[in-house]
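Chain by chain, the residues:
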Amino acid sequence: MNEVFKGRFTQQEPIPEAGIEAAVAVMRHGRLHRYNTIEGEVAQTVLLEQEFAAKVGAKYCLAVASGGYALATALRAVGVKTGDRVLTNAFTLAPVPGAIAAVGGVPVFVGVTPSLVLDLDDLAAKVDQSDVLLLSHMRGHLCDMERLMQICDAAGVTVIEDCAHTMGAAWNGKASGTWGKVGCYSCQTYKHMNAGEGGLFVTDDAEVAARAIMYSGSYMLYERHLAGPPSEVFEDIRYETPNISGRMDNLRAAILRPQLEDLDRQCARWNERYYALEEALRDTAGLTVIDRPKEEHIVGSSIQFLLADWPEGAVTDLLARCGARGVELKWFGGAEPVGFTSRYDSWRYVDAPRMPESDKVLAGIIDMRVPLTFSLEDCAQIARIIREEVSRIYQSIE
Ligand SMILES: *Cc1c(COP(=O)(O)O)cnc(C)c1O
């Protein structure tokens, strides 16, 4: 009889007890709004900002309502205006082109390589079309960040990093989110810290930080942002920057702070699971694992592999067979966008030319979440099931 996996791919771990206690304390005193503090009190939101800035090694940090809000705020804060073109990944999640659209910008998609990173040759070819690159480290894959920054710096292009899948990750020892002008993170349930919703914004640029704080809805209370720039930076910015409210509240911050303290340990646990899966899937005929470069320090909260040149029917067959055995795989190659849309041609509000090289890659990407509620034994079982089903189907199409 075929073994069936019983775990749930959407089940994260509970909020740590310290986070629950801190959240209850906030609810007991009732001061949930970040500017609602009593004398001598530093808001949970402010503490989170200070701790997160220190964690990634950034000068300034702002906590906001979502990762998508952080992205749109970053675009506004670096000066993107209606009608401006913004370079971004052809393979990313819907909130990324959505953030560009939110500020009236026009996405210009840059291709994806078989290693699932931004195609830097395609970037070099398109870099003159825009002043801004919204770079998504999609599914945690970091491209060669030195080369990317060289290309962008030479062209005077400002880089904003979408680190929704790379909180805790680094390239050559430098944290993701600190390479470009702004780093944006998500604290939504499926990311690396879970507040249900939430976002974090980091930068070393005082004016960009000041604008972001004003945009987020700080009224004239910006001096209470202890992880923000000094008040003289706001001198003109406070009059010129519209309020587009998107603050984080103290309840979410209280839930997040203990998770931040535990982030390194959690990332190590993700990587144990990731590398166990990778190892067990390697050398399966018909399936290509994604080799990670040595410069990359990953956080393996999801895993991808390629089914290169598989016919569509075989891929859907594999998904169905694995699904029947409890293994939930996602495929980004179907013609009709389903679930979490992740490819450029799903976003039909953008008039994007076809990208045949990227299409080939996208057609074969299989994605699987790796929640920390899975044990290493679970990972071994999942890999066995995938191997069996891939081998069975691949034999018939070879
Ligand atoms: C989740 C996610 C975002 C945005 O985060 P939200 O907090 O859900 O708005 C941005 N980019 C990627 C790649 C994501 O997965």
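Everything below is about the structure printed above this text.
Heads up: these notes are all about the structure in this document. Keep in mind that this is a model prediction, so the values were computed, not measured. (Residues numbered from 1 in each chain as written. Predicted model: local features only at pLDDT ≥ 70, side-chain atom pairs only at ≥ 80, totals over all residues. Heavy atoms only, no water.)

### Quick word on the pattern of salt bridges
Okay, step 1: Applying the stated criterion to the full structure yields 26 salt bridges.
Okay, step 2: In this structure, Glu389 and Arg321 form a salt bridge, with 3.3 Å as the shortest nitrogen-oxygen distance. Note that Glu389 is positioned in helix H13 (residues 376-397) and Arg321 in helix H11 (residues 312-324), a separation of 68 residues in sequence.
Okay, step 3: On the basis of relative accessible area, Glu389 is assigned to the buried category, the value being 1%.
Okay, step 4: Its salt-bridge partner being Arg325, residue Glu388 comes within 2.9 Å of it at the nearest N-O pair. One end of the pair, Glu388, is in helix H13; the other, Arg325, is in the loop between H11 and strand S13 (330-331), with 63 residues separating them in the sequence.
Okay, step 5: Look at Arg325 and you get buried, because its relative accessible area is 4%.
Okay, step 6: Each member of the salt-bridge network shares a partner with another, and the members are Asp317, Arg321, Arg325, Glu388, Glu389 and Arg392. (Salt bridge = Lys/Arg side-chain N within 4 Å of Asp/Glu carboxyl O. Helix = DSSP H or I, 4+ residues; strand = E, 2+ residues; numbered from the N terminus. Buried < 20%, exposed > 50% of the residue type's maximum accessible area, 1.4 Å probe, protein only.)

### Details of unusual backbone geometry
Okay, step 1: The backbone of Asn172 shows a phi angle near 50 degrees, a positive value even though the residue is not glycine.
Okay, step 2: With relative accessibility at 46%, the residue Asn172 sits in the partly exposed group.
Okay, step 3: Even without being a glycine, Asp309 presents a positive backbone phi close to 65 degrees.
Okay, step 4: Note that Asp309 resides in the loop between strand S12 (302-306) and H11.

### Structural notes on the sheet that holds strand S11 (residues 296-297)
Okay, step 1: Taken together, three strands build an open sheet; the order of strands is S7-S6-S11 and the sheet is antiparallel. Each of the sheet's edge strands pairs with one partner strand only, and the pair in question is strand S7 (174-175) and S11.
Okay, step 2: Pairing of strand S6 (residues 170-171) with S7, which is carried by two bridges, proceeds in the antiparallel orientation. Directly across from Trp171, in S7, lies its bridge partner Lys174. (Pairing = 2+ DSSP bridges.)

### Looking at the sheet that holds strand S5 (residues 158-162)
Okay, step 1: Strand order in the open sheet formed by seven strands is S1-S9-S8-S5-S4-S2-S3, and the pairing between neighbours is mixed. Strands with a single pairing partner mark the edges of an open sheet, and in this sheet they are strand S1 (60-64) and strand S3 (106-110). In this sheet, adjacent strand axes meet at a mean angle of 20 degrees when their direction is disregarded.
Okay, step 2: Two strands pair when backbone bridges link them, and strand S2 (residues 85-89) and S3 are joined in this way by five bridges, in the parallel orientation. Opposite Arg85, over in S3, you have Val106 as the bridge partner.
Okay, step 3: Where helix H2 (residues 44-56) meets the sheet, it contacts S1, strand S8 (182-186) and strand S9 (199-203), and its direction lies at approximately 130 degrees from that of S1. (Axes fitted to C-alpha atoms, helices over the stretch in contact; angles between N-to-C directions. Contact = heavy atoms within 4.5 Å.)

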